[in-house]
Amino acid sequence: MNNVCLCVGNYAKTPYYVKISDISLYSIEELCYYFMDKVYLLDDSIVSAELVRWIKLECGLTELAEELEIFVRKRMSAASFVTTILERTNMYDESTIKRIEQILKEQANLSSTDRYRKQAEYLYKQGRYRQALIIYSELLDYLPKRDNLARAQLYYNIATIYAMDFAYNKAADFYYESYRLYPDKQARLAYILACRRSMSDYIYGSFKRENPDWEEDFREIEEQCARVEERWHTSKEKAMLSELFTYRDQGQTEEYYQMAGALLRQLKRDYKHQTQV
C-alpha cells in the first residue's frame with residue numbers, strides 16, 4: 001500500500017465547525033486536509049483559541065496545543081500557525097508544506113479588498129453563492145468609485161448569483177450597472193437575457209425597439225435560448241420529470257411519491273449548499 005499515514009490524536013466526539021465552509025471536522029487529519037483544500041479561505045482568523053482548545057481537548061494533542069497557544073497569545077500569522085500543525089501531523093512532505101506556507105504569506109500581503117475578493121471568487125466557484133454574494137455586496141462599499149473595471153466585475157458576479165436564483169429583475173439591474181461601468185458584449189448579452197426572462201412579451205418587445213443598435217445581440221440571445229430549450233428536452237432531468245408525471249397520470253401513487261420525495265430531498269440539499277451562510 002502507498003501513501004499510508006499514521007493518524008495522531010483522538011477522533012473528536014465534538015467536531016470543530018468551520019462556518020465559512022459549513023463543514024464539521026472530527027480529527028487533526030481532517031483539519032490538515034481542510035487547510036490544504038481550502039487554503040484560499042484561510043486568514044489570520046484561523047489562529048484562534050477556540051481551535052487550539054479543540055485540538056487539546058477533543059484531539060488529545062496537548063503538546064501541540066500548548067505550542068499553538070503561544071501563537072495565539074503573540075498573534076502570529078496564519079502561515080506559521082497552519083504550517084506548524086501540518087508539520088506535526090506528518091501528513092504532507094516538506095515541499096507541499098512550503099507551498100502552502102508561501103500561499104498564505106502571499107495572501108497576508110494582499111489588501112483586505114483583494115483578499116476578500118479572492119475569498120468570494122473561491123466560494124463562488126465552490127457553489128457557495130449566498131456567502132459569495134455577502135462578500136461581493138460588502139466589497140462594493142470598499143472599492144474605489146473610479147475603479148470601473150473591478151466594480152463592473154463585482155456587479156456582474158452579483159447579477160449572476162441572482163439570475164441563478166431566478167431573481168431576474170434584480171439580475172437585470174446589476175447586469176446593467178456592470179455594462180454601464182464597463183460596456184462589453186458579455187455584460188450586454190447577460191443584461192438582455194435577464195430582461196427577456198423578467199419582462200412580459202409586450203414590454204420586452206418595447207425594450208427591443210428602444211435599443212435598435214442591439215439587434216444582432218437580441219438575435220444571438222434568441223438562438224441561445226433555443227439551444228438551451230433543445231438541450232433541456234434531451235436532458236436526463238427532463239426524462240426524470242416525464243417519468244414522474246407518467247407515474248402520476250397512471251395512478252402509480254407509491255412510485256410517484258418515492259420519486260418525488262427523492263427529487264425534493266436532492267433539491268433541498270442543493271439549495272442548502274448554495275444558500276448556507
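Check the entry above for the structure.
These figures come from a predicted structure and were not determined experimentally.

Enquirer: I'd love a proper account of the overall build of the chain, names of residues and values included.
Expert: The helix and strand tally for the chain stands at 14 helices and two strands. Relative to the compact-globule value of 19 Å for 277 residues, the chain shows a C-alpha radius of gyration of 25 Å, a clear excess of over 25%. Overall, the C-alpha framework of the chain stretches about 70 × 60 × 30 Å when taken along its three principal axes. The proportion of buried residues among the 277 residues of the chain is 39%. When the accessible surface of the chain is split by element, carbon and sulfur atoms take 50% of a total near 17,500 Å².

Enquirer: Explain the packing of helix α7 (residues 129–139) against helix α8 (residues 148–164) to me, and be specific about the residues and the numbers.
Expert: One way to put it is that α7 packs onto α8 with a least axis distance of 10 Å and a crossing angle of 145°. Between α7 and α8 lies a crossing whose hand is left-handed. Every residue of α8 that contacts α7 at Y129, A132, L133, Y136, S137 and L139 is listed here: L154, N157, I158, I161, Y162 and M164. Its residues placed into classes, the contact of α7 with α8 shows ten nonpolar, two polar and no charged.

Enquirer: I'd love a proper account of the packing of aromatic side chains, names of residues and values included.
Expert: Taken as a whole, this structure holds 18 aromatic pairs when the rule is applied. Ring centres 5.2 Å apart and planes at 65° place the aromatic pair Y156 and Y175 in the edge-to-face group. Here the residue Y156 occupies a position in helix α8, and Y175 occupies one in helix α9 (residues 168–181), the gap between them amounting to 19 residues. Look at Y162 and F174: their rings are 5.6 Å apart centre to centre, the planes differ by 15°, and that puts the pair in the stacked class. Of this pair, Y162 sits in helix α8 while F174 is found in helix α9, placing the two residues twelve residues apart along the sequence.

Enquirer: Any details on the pattern of salt bridges? Residues and values, ideally.
Expert: Applying the stated criterion across every chain, the model contains twelve salt bridges. Among the salt bridges present, the one from K56 reaches E69, with a minimum N-O distance of 4.0 Å. Within this pair, whereas K56 is found in helix α2 (residues 49–57), its partner E69 is found in helix α3 (residues 62–73), the two being separated by 13 residues in sequence. Given the relative accessible area of 27%, E69 is considered partly exposed. A salt bridge links R88 to E87; the nearest nitrogen and oxygen atoms lie 3.6 Å apart. Given the relative accessible area of 38%, R88 is considered partly exposed. E87 gets classed as partly exposed once you look at its relative accessible area, which sits at 40%.

Here is what the cut-offs are and how they apply
- Residues numbered from 1 in each chain as written.
- Predicted model: local features only at pLDDT ≥ 70, side-chain atom pairs only at ≥ 80, totals over all residues.
- Heavy atoms only, no water.
- Helix = DSSP H or I, 4+ residues; strand = E, 2+ residues; numbered from the N terminus.
- Rg over C-alpha atoms; globule rule 2.2 N^0.38 Å.
- Buried < 20%, exposed > 50% of the residue type's maximum accessible area, 1.4 Å probe, protein only.
- Areas by Shrake-Rupley, 256 points an atom, 1.4 Å probe, with all protein chains shown as cover.
- Axes fitted to C-alpha atoms, helices over the stretch in contact; angles between N-to-C directions.
- Left-handed = near helix turned anticlockwise from the far one by under 90°.
- Contact = heavy atoms within 4.5 Å.
- Nonpolar A, V, L, I, M, F, W, Y, C, P; charged D, E, K, R; others polar.
- Phe/Tyr/Trp six-rings, centres within 6.5 Å; stacked < 30°, edge-to-face > 60°.
- Salt bridge = Lys/Arg side-chain N within 4 Å of Asp/Glu carboxyl O.

Read these as layout, nothing more, since geometry by itself doesn't imply function.
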